[in-house]
Amino acid sequence: AGSAAFEIEPTLTNLADTALSFSYWHDAMLAPGSGKHPSPLLRFLLPTDWVTLHSTGDATLPAPGEIFSWPIYQGRDFSKLGNYTQYLGFFEAPAAHGPFAAIYDPRYDVGVVRIFPPEITTGSKIFSLGWQDALASANYTDDDSSYVELHSGLAHTFDQQYRLPAGGEVAWREVWYPVAQIGTVSAANELIALGVNPMSAANERRLELRVYSARPIDGIIRLKGVAADLPFQARPDAPFQGSLALASNI
C-alpha cells in the first residue's frame, strides 16, 4: 500500500539428503509505452563495462560464451535497440553488478527498473528479438506485439548452475517498478530512480536532474564539487525535474 513498486521474495529449499545443482531464472517480457512494440530508441541500462554473449543471429558479434565491451562494441551502441540487426541475448560479465538493471524508452518516456542483491542473484540478462532484421513476433505472440526481456538468475549464465547443499536454502528479495518522465535511468535503488542529462547553454554547463520515486519523498540532491544543494519533492505521479550549474573545472 502506498507504493508504486512491487516486491518478489523467492525461496528455494533443497529437501533432498544430497547436494543439488540446478538452474533458476525468472524473466519479464516488456514493451513500455502505449503501443504494442518498443521503439528503436529503447535503451538497455546496465551498470557494467562488459557482457557475455549468449545467442545472436548477428555474425559481426563474438561467438556464444565470449565477452565483448558494453555498451559500445566496434563503434555500435548496443544499449540502443534500434542499432540491433538480428536477435541478441547477453549477460552482464563476469556477473551481475547491481543493484539495478533497467530499460527505458525515450519515445514514450517510460521504463522499468529491477533492484536486486547481486551477491545472490548473480545473473543479469537482456534479450531482444532484434530490430532491422528481427525475429518475427508471430513466433511468440498472437497479436503482432513484440517486446524485450529482462532476466534475473542465480548463476552468472545459462551454462552455469547454482548448487545447494542437502537441506540448504537460498532466499532473496527483489523490487520492480515502472519509471516515467525522467528521460533515462542513470542510477536507481528500491525507492528512487535518477536520470542525469548534461546541458549547455550561454556559456554555462548544467546537469538536468530528474527523480522518479516509488513512494512520496522529500530530499536533497548534493553533487560533489557543487556548492549549492538542490531540494526536491517527488512522488510516483509527479517526478521531479531540476538542474544544477557546474563549475568550469568539473
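Above: the structure in question.
This text gives an overview of the structure that appears in the document. (Residues numbered from 1 in each chain as written. Predicted model: local features only at pLDDT ≥ 70, side-chain atom pairs only at ≥ 80, totals over all residues. Heavy atoms only, no water.)

A few points about the packing of aromatic side chains
For the structure shown, the criterion picks out 14 aromatic pairs. Ring geometry for tyrosine 24 and tryptophan 172: centres 5.6 Å apart, planes at 80°, overall edge-to-face. Taken together, the residues tyrosine 24 in the loop between strand 3 (20-22) and strand 4 (25-30) and tryptophan 172 in the loop between strand 16 (169-171) and strand 17 (174-180) connect sequence positions 148 residues apart. Accessibility expressed as a relative area gives 6% for tryptophan 172, which makes it buried. (Phe/Tyr/Trp six-rings, centres within 6.5 Å; stacked < 30°, edge-to-face > 60°. Helix = DSSP H or I, 4+ residues; strand = E, 2+ residues; numbered from the N terminus. Buried < 20%, exposed > 50% of the residue type's maximum accessible area, 1.4 Å probe, protein only.)

Examining the environment of glutamate 9
Examined against the element boundaries, glutamate 9 turns out to sit in the loop between strand 1 (6-8) and strand 2 (11-13). Classification of glutamate 9 as exposed rests on a relative accessible area of 55%. Considering only alpha carbons, one finds glutamate 9 and leucine 207, 198 residues apart in sequence, at a separation of 37 Å.

What about the sheet that holds strand 14 (residues 148-153)?
Taking strand neighbours across the sheet as the criterion, the six strands line up as 4-14-13-10-6-7 in an open arrangement whose pairing is antiparallel. For this open sheet the edge positions go to strand 4 and strand 7 (67-69), each flanked by a neighbour on one side alone. When strand polarity is set aside, the average angle formed by the axes of neighbouring strands in this sheet is 30°. Bridging between strand 13 (residues 123-128) and strand 14 involves six bridges; their strand directions are antiparallel. Bridging across to strand 14, lysine 125 finds its partner in histidine 151. (Pairing = 2+ DSSP bridges. Axes fitted to C-alpha atoms, helices over the stretch in contact; angles between N-to-C directions.)

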